[in-house]
Amino acid sequence: MDFFKFFSTKEKKKEQQQHLNEGLEKTRTGFFNKLSKAIAGKSTVDDEVLDNLEETLMASDVGVDTTLDIVERIQERVKRDKYVRTSELNFILRDEIAQMLQDVTTPTVPEFLSSDKKPYVIMVVGVNGVGKTTTIGKLAYMYKQEGLKVVLGAADTFRAAAIEQLETWANRVGVDLVKQKMGSDPASVAYDTISHAIAQNADVVIIDTAGRLHNKVGLMNELSKIKNVMKKQLDYAPNDVMLVLDGSTGQNAFEQAKQFSIATEISSLAITKLDGTARGGVVVGISHKMKIPVKYIGVGEGIEDLQVFDKKLFVETLFNK
């Protein structure tokens, strides 16, 4: 039995690797083409190579701060070792980029549930159009496939479409949805969702929230109210405040992360639509600059194309020619 479990896990990881390879194809190809030009005709890493490397990282949407940090670290290696060949640059970059990615510090769902507490509560935030509802639906599917009982809460009551989209996903995945009519108090929906989850002995609760940034004070108050209502029922909730970002928007995703971090405390990131962009470097930049771990990445439109983020696998795939 253990053998079959091992075989199944190995096959699943192989499949994940394949999806990741396909999903990061544009980013990987663009990055390596630029990197090849950066070191063309050079045998050692000198100031010109470092300048070209800086341009390459910036063009891949790694971001200014993270790019400067990476280049500075490589400069220190060159200074220390006196002689660094350009052929070694890939290995050095791989190491430095891995260090830039934050580790997840919050307990995973299985770890939390093993403490005999239920349910694990995820509050999802993000602007409209980034794939927030789709991410929630795919998360629900992922957890249900693991044998967990999931309840969704439609607390984005600002748009009727948001409630309808979440209901479509709930029906598709086969999980409970708690909703009220458009314009209802989002905190009231969150309260009802937690109550329903407790009554049904659910394992995981995922609560959608409104994606409006035009009024940051209003957003801050709304999210704080939702949190406070949940804490009255479960003193540990939410376990995770997840910000969903569209990886294809590049620098705009940085700005969204910054604004949402002002509005509420973000504990993890889900970065979507990486399969359609060459801007996958945004994963590295946002995690490093905001000091927030990436928990999930979207690498395709299929229901199984939301992956648990594995930074080692991500970096290996990024540098896999």
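As a convention, each chain's residues are numbered from 1 in the sequence order in which they are written. Owing to the predicted nature of the model, reporting of local features is limited to residues with pLDDT of at least 70; listing and counting of side-chain atom pairs is limited to 80 or more, with chain, interface and lining totals taken over all residues. Side-chain measures were taken over the full set of non-hydrogen atoms in the model, leaving aside hydrogen atoms and water.

So, on to the environment of Thr133. The residue Thr133 is located in helix α7 (residues 132–145) in this model. Buried means the residue's accessible area, taken with a 1.4 Å probe over protein chains only, is under 20% of the maximum for its type, while exposed means over 50%, and partly exposed covers the values in between. A residue is classified by how much of its surface remains accessible, and Thr133, at 8% relative accessible area, is buried. Residues Thr133 and Asp208, spaced 75 residues apart in sequence, show a C-alpha to C-alpha distance of 7.4 Å. Here, two residues are considered to be in contact whenever any of their heavy atoms come within 4.5 Å of each other. The contact partners of Thr133, leaving out residues within four places of it in the chain, are Gln165, Leu166, Trp169 and Asp208. Here a helix means four or more residues in a row that DSSP labels H or I, a strand means two or more in a row labelled E, and each is numbered from the N terminus.

Once that is clear, we can look at unusual backbone geometry. For the peptide bond that leads from Lys118 to Pro119, omega is -15°, which places it in the cis range. Of note, Pro119 is situated in the loop between α6 (109–113) and β1 (120–125). With omega at -5°, the peptide bond leading from Ala237 into Pro238 counts as cis. Even without a glycine there, the phi angle at Asn201 is positive, about 55°. Relative to the helices and strands, Asn201 is located in the loop between α9 (186–199) and β4 (204–209). Phi at Lys273 takes a positive value of approximately 60°, unusual for a residue other than glycine.

Okay, the packing of aromatic side chains next. Geometrically, a pair of aromatic rings is defined through the distance of the ring centres and the angle of the planes. Each Phe, Tyr or Trp ring (for Trp, its six-membered ring) is paired with any other whose centre lies within 6.5 Å, and the angle between the two planes then decides the class: stacked below 30 degrees, edge-to-face above 60, tilted in between. Throughout the structure, instances matching the rule amount to three aromatic pairs. Arranged with centres 5.4 Å apart and planes meeting at 75°, the rings of Phe112 and Tyr120 form a pair that is edge-to-face. For the pair Phe309 and Phe314, a centre-to-centre distance of 5.2 Å together with 55° between the ring planes defines the contact as tilted. According to the relative accessible area criterion, Phe309 is buried, its value standing at 12%. Members of the aromatic cluster, connected to one another through ring pairs, are Phe112, Tyr120 and Tyr236.

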